[in-house]
Amino acid sequence: MNQHAKYGALAASLTLAGVASHALPHVMGVSTVGAVGMLAAAYLPKRYACIPVLATVAIVDAMSGFYALLAMSFVYLAHGLATLSVSKPLVSIGVRSVGVAAVVNAVVFYLVSNLTPIAMGCYPNTAEGWLACYVAGLPFLLKGILANVIYGGAAFGLIALLEKLDAHRILAPQRD
């Protein structure tokens, strides 16, 4: 199998896992999408890394119903930027780098996605409005970090275990 086919298979597998896990009932803000982004950033070339995350979110949105285009734009942008933001921390994979990536991914998603309520007029476009919006989003930031640590940690841990058992079948991290 050539390299592009391997990347395609990995992207499709991550998307399928993301859709299956994200479509299951879960506490709002405790999602596997960040972990899918972390895995994609670690194991796919940068130019393909956002595909599994954006495909996961688009498929789940198609299944559950789309919402305001402005809100979707910020959420999709947030997922893409959060995925790209963890490429550097995940150059070498270990407990520390996965932990850093879990936090960075959640923080970038939080910072970008919280622009949505401001852009939609839910909060005034003032310093006080911005502060209120970001303070209101703090519980979701904490849930995002928790989800990334749990799901990302479990996924990277499982991959490390599989590499020990059958190293030649697991893709090594690829960089452009």
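So, here is what we can say about the structure in this document.

Calculation criteria
- Residues numbered from 1 in each chain as written.
- Predicted model: local features only at pLDDT ≥ 70, side-chain atom pairs only at ≥ 80, totals over all residues.
- Heavy atoms only, no water.
- Helix = DSSP H or I, 4+ residues; strand = E, 2+ residues; numbered from the N terminus.
- Expected span 1.5 Å × (residues − 1).
- Buried < 20%, exposed > 50% of the residue type's maximum accessible area, 1.4 Å probe, protein only.
- Contact = heavy atoms within 4.5 Å.
- Patch = residues over 30% accessible without salt bridge, like charges linked within 9 Å, V, L, I, M, F, W, Y side chains within 5 Å.
- Areas by Shrake-Rupley, 256 points an atom, 1.4 Å probe, with all protein chains shown as cover.
- Salt bridge = Lys/Arg side-chain N within 4 Å of Asp/Glu carboxyl O.
- Phe/Tyr/Trp six-rings, centres within 6.5 Å; stacked < 30°, edge-to-face > 60°.

### Here we look at the environment of Gly-144
Locating Gly-144 in the fold gives a position in helix α8 (residues 138-166). Sequence-wise, Gly-144 and Leu-24 are 120 residues apart; in three dimensions their C-alpha atoms are separated by 16 Å.

### As for helix α3 (residues 50-64)
With 15 residues, α3 extends 21 Å between its outermost C-alpha atoms, agreeing within 8% with the 21 Å of an ideal straight helix rising 1.5 Å per residue. Residues of α3 that are buried include every one of Cys-50, Pro-52, Val-53, Thr-56, Val-57, Val-60 and Asp-61, and no others. Check the buried side of α3 and you find it contacts α1 (3-23), α2 (33-43) and α4 (69-85). Phi for Gly-65, located one or two positions after α3, is positive at around 115°.

### Focus on a nonpolar patch on the surface
A cluster of nonpolar side chains, Leu-158, Leu-161, Leu-162 and Leu-165, forms an exposed patch at the surface whose accessible area comes to about 390 Å². As for its position among the elements, Leu-161 is in helix α8. Exposure remark for Leu-161: the relative accessible area of 46% places this residue in the partly exposed category.

### A few points about the packing of aromatic side chains
Inspection of the entire model under this criterion finds four aromatic pairs. Here the aromatic rings of Tyr-7 and Tyr-48 are separated by 6.0 Å at their centres, their planes lie at 45°, and the arrangement is tilted. Of this pair, Tyr-7 sits in helix α1 while Tyr-48 sits in the loop between α2 and α3, and the two are 41 residues apart along the sequence. According to the relative accessible area criterion, Tyr-7 is buried, its value standing at 8%. The interplanar angle of 25° and the centroid separation of 6.3 Å between the aromatic rings of Trp-130 and Tyr-134 together place this pair among those described as stacked.

Read these as layout, nothing more, since geometry by itself doesn't imply function.
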